[in-house]
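Chains, contacts and geometry: an overview
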Amino acid sequence: MLTIGQVAAHLGVTVRAVRHYHQRGLLPEPERDASGYRRYGADAVVALVRIKTLSDAGVPLARIEELMGASPERFSAAVSAIDDDLKARIRDLKRRRIRIAELSAGDALFLPQDVVVLLERLREIGLSPEAVRTERDTWILLAAQYPDQVPQWARQKQVLFEDPAFRRLYLTTDQAAGWDRDDARLEALADEVNGFGGLRTPDPDGAEPVLALDALVAVTLMAARTGKPVPAWERLIELCRIRANNG
């Protein structure tokens with residue numbers, strides 16, 4: 001007859017685990033002997049071995065009680081069902097691993113290669129991480145709506161970034177997000193934006209290039225809808241439109 005500590009050591013489990021088996025009803029708890037110890041006989045040890053073996057194999061504790069008293073046929077059927085469940089979980093984990101591997105591709109997972117190249121160019125010129133993320137999200141929305149035109153628009157915009165003046169304009173507009181709405185610098189910035197073709201939304205037919213700070217319009221609208229407006233950008237758009245109407 002063995003004490004709970006001796007049984008636990010023999011099976012390579014903790015005393016706490018044996019007590020947990022008792023609490024779950026998997027194994028009757030033996031009565032205490034005259035010395036106050038609970039003693040485990042051969043039947044109890046064999047039952048514990050079976051419980052541990054099933055648990056180590058991945059059988060949920062909720063199913064072990066069922067299997068302990070099952071007939072050979074029922075035991076075999078239940079184990080097969082558990083095995084099928086494990087196979088399904090393995091397939092799901094494999095799919096998740098593939099998805100995780102795809103995520104390592106970064107922006108390329110969501111966008112055409114031409115847009116990925118453009119975003120990398122924006123990082124190179126020093127656009128803020130927040131602005132790059134916003135631009136990326138805008139391109140994701142455009143790609144969902146105009147999948148055939150987006151690569152062409154991205155290439156056209158890459159060409160614009162060959163112009164130092166345009167790069168400077170883009171960086172300045174990025175910085176302007178932190179300006180006050182009534183900042184006098186917005187007037188001059190609006191003149192520069194209109195000098196590069198103004199603010200224009202993409203042409204679905206692809207006849208017109210993506211000009212100047214086209215994404216600024218979409219980004220500003222998105223920000224307003226999410227409750228995080230950019231007052232300086234909203235004012236900049238107003239000033240650009242005023243100049244366009246007066247021009």
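The structure displayed is predicted, hence computed values, not measured ones.

1. Digging into the side chain of His 22
Structurally, His 22 is set in helix 2 (residues 15–23). What makes His 22 buried here is its relative accessible area of 13%. Within the local environment of His 22, its side chain forms a polar contact with the backbone oxygen of Leu 27, the two atoms lying 2.8 Å apart. Discounting residues that sit within four places of it in the chain, His 22 has contacts with Leu 27, Pro 28, Glu 29, Pro 30 and Tyr 40.

2. Here's the deal with the packing of aromatic side chains
Under the definition given, this model contains 4 aromatic pairs. Note on Tyr 146 and Trp 153: the rings are 5.4 Å apart at their centroids and 70 degrees apart in plane angle, and the pair reads as edge-to-face. In this pair, the class of Tyr 146 matches that of Trp 153, namely buried. Here the aromatic rings of Phe 161 and Phe 166 are separated by 5.1 Å at their centres, their planes lie at 75 degrees, and the arrangement is edge-to-face. When its relative accessible area of 0% is taken as the criterion, Phe 161 is described as buried.

3. Brief notes about the nonpolar core
Counting 33 residues, the largest nonpolar core has Leu 122, Trp 139 and Leu 186 as its most contacted members. Those elements that place two or more of their residues in this core are helix 6 (113–125), helix 7 (129–145), helix 8 (150–160), helix 9 (164–176), helix 10 (185–195) and helix 12 (231–246). The greatest single-element share of this core, amounting to 6 residues, is contributed by helix 6. Dropping the residues within four chain positions of it, Leu 122 is found in contact with Leu 127, Val 132, Glu 135, Phe 161 and Tyr 170. Leu 27, Ala 44, Ala 47 and Ile 51 belong to the second-largest nonpolar core, a separate cluster that totals 22 residues.

4. Some points on the pattern of salt bridges
Per the counting criterion, the structure on display carries 16 salt bridges. Residue Asp 191 is joined to Arg 243 by a salt bridge in which the shortest nitrogen-to-oxygen separation is 2.4 Å. One end of the pair, Asp 191, is in helix 10; the other, Arg 243, is in helix 12, and 52 residues separate them in sequence. Assessed through its relative accessible area of 45%, Asp 191 is described here as partly exposed. Between Glu 238 and Arg 235 there is a salt bridge, with its nearest N and O atoms 3.1 Å apart. Placement of both Glu 238 and Arg 235 in helix 12 is noted, with a separation of 3 residues, approximately one turn of the helix.

5. As for the environment of Leu 160
Position of Leu 160 among the secondary structure elements: in helix 8. Along the chain, Leu 160 and Phe 196 lie 36 residues apart, while their C-alpha atoms are 9.4 Å from each other.

6. Considerations on helix 3 (residues 42–56)
Over its 15 residues, helix 3 runs 21 Å from end to end, which matches the ideal 21 Å to within 8%, given 1.5 Å per residue. For helix 3, the set of buried residues is Ala 44, Val 45, Ala 47, Leu 48, Ile 51 and Leu 54. Phi for Gly 58, located one or two positions after helix 3, is positive at around 95 degrees.

7. Quick notes on helix 4 (residues 61–68)
Buried residues of helix 4: Ile 64, Leu 67 and Met 68, and no others. Projection of helix 4 onto a plane perpendicular to its axis shows the buried side chains occupying an angular sector of 95 degrees, all on one side.

Here is what the cut-offs are and how they apply
- Residues numbered from 1 in each chain as written.
- Predicted model: local features only at pLDDT ≥ 70, side-chain atom pairs only at ≥ 80, totals over all residues.
- Heavy atoms only, no water.
- Helix = DSSP H or I, 4+ residues; strand = E, 2+ residues; numbered from the N terminus.
- Buried < 20%, exposed > 50% of the residue type's maximum accessible area, 1.4 Å probe, protein only.
- Polar contact = N/O pair within 3.5 Å; in protein donor to acceptor, adjacent residues only side chain to side chain.
- Contact = heavy atoms within 4.5 Å.
- Phe/Tyr/Trp six-rings, centres within 6.5 Å; stacked < 30°, edge-to-face > 60°.
- Core = buried A, V, L, I, M, F, W, Y, C linked by side-chain atoms within 4.5 Å.
- Salt bridge = Lys/Arg side-chain N within 4 Å of Asp/Glu carboxyl O.
- Expected span 1.5 Å × (residues − 1).
- Arc of directions from axis to C-beta.

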